[in-house]
Each structure stands twice: as structure tokens, then as C-alpha cells.
Amino acid sequence: MKNILLLFIPLCMYLSACSQNTQPEKKVQTNPTASQSTIQFDLSVDDISSFKQAVKDSTKEPGIVNMAAPQFTFSLDDEKFALWITDDSGSLMKTTDTHTIYNLSDHSVAAIYQILSDKDLVSSR
């Protein structure tokens, strides 16, 4: 009985280590203000694709960055981003590099703004 227990414990540890989730994160959260708490919501596969495309198509802005607290934060794979967005412009920043900002393409602004509008997190156009 003792031998079985000694084999069972490492097996359980091995199985729990193998079951870690390797899926990309599917959540966006708004940053809390004095009148709002943090909100997290799930994204569809298409929404995740839109966020990934927005990051890929963004263009680095030269100069020193001094931004207000971001409206939203999101994670893709293992990287976290801050997001500022209106109906006609958008910027993001890697949370590990707060000295660089990236502007979103017009197409990405429209796609991300629509996703957030559908979730009632920004005003509809």
C-alpha cells in the first residue's frame, strides 16, 4: 500500500503539470476609475484575431511617451498591452516597455472599437 501511494503522488504531480492551459488569453479588461470597477469579458476567436492584427499592424511612434492611465488592458499570448481608443484613433503600449507607444491602423481602430462597442464599453458610432 505504501509503495502504491509513493507512485501515486508523483503521477498526480506530473498530470497536473501537463494540464496547464496553453491557449492564448481571451480576456480584455477595462481599467478601473473612481466610478468603475474592473470588467473582464471573453472574446471570440475572431475578436482575438482582430486584436492580434491590431498589434501586428501598429506603427511605432518616435519620442518620449507621457500618457494618461489606459482605458483598457489586454493580453495576447504572454504579452500584456495597454490600450487607448476612440472612434477615430487608437494607441497601444507594451506594459513591459512604457517608453514606446504604437498607433493603430485605421482598419484596426474600426475593428477594435466595434468589438468594445458591442460589449457596451465605448459609445457606439
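The structure this text deals with has already been given above.
A brief look at the structure comes next. (Residues numbered from 1 in each chain as written. Predicted model: local features only at pLDDT ≥ 70, side-chain atom pairs only at ≥ 80, totals over all residues. Heavy atoms only, no water.)

Here we look at the overall build of the protein chain
Along its length, the protein chain carries 3 helices and 7 strands. For the protein chain, the sequential pattern of α-helices and β-strands runs α-β-β-α-β-β-β-β-β-α. Among the 125 residues that make up the protein chain, the fraction classed as buried is 30%. A separation threshold of at least 6 residues defines the contact pool for the protein chain, and within that pool the share at least 24 residues apart is 45%. Roughly 8,600 Å² of accessible area belongs to the protein chain as shown, and the carbon and sulfur atoms make up 54% of that amount. (Helix = DSSP H or I, 4+ residues; strand = E, 2+ residues; numbered from the N terminus. Buried < 20%, exposed > 50% of the residue type's maximum accessible area, 1.4 Å probe, protein only. Contact = heavy atoms within 4.5 Å. Areas by Shrake-Rupley, 256 points an atom, 1.4 Å probe, with all protein chains shown as cover.)

Points about the side chain of Ser108
Of note, Ser108 is situated in helix H3 (residues 106-118). A residue is classified by how much of its surface remains accessible, and Ser108, at 3% relative accessible area, is buried. Ignoring anything within four residues of it in the chain, the contact list for Ser108 reads Gln53, Ala54 and Asp57.

Some words on the nonpolar core
Counting residues in hydrophobic clusters, the biggest one holds 20 residues, and the most contacted among them are Phe51, Leu83, Ile85, Ile112 and Leu116. When contributions to this core are tallied by element, the ones reaching two or more residues are helix H2 (45-57), strand E4 (72-76), strand E5 (79-85) and H3. Excluding its chain neighbours within four sequence positions, the residues that come into contact with Ile85 are Gln71, Phe72, Gly90, Leu104, Val109, Ile112, Tyr113 and Leu116. The next biggest cluster of nonpolar side chains, apart from the first, holds 5 residues, and it includes Val65, Ala82, Trp84 and Ile101. (Core = buried A, V, L, I, M, F, W, Y, C linked by side-chain atoms within 4.5 Å.)

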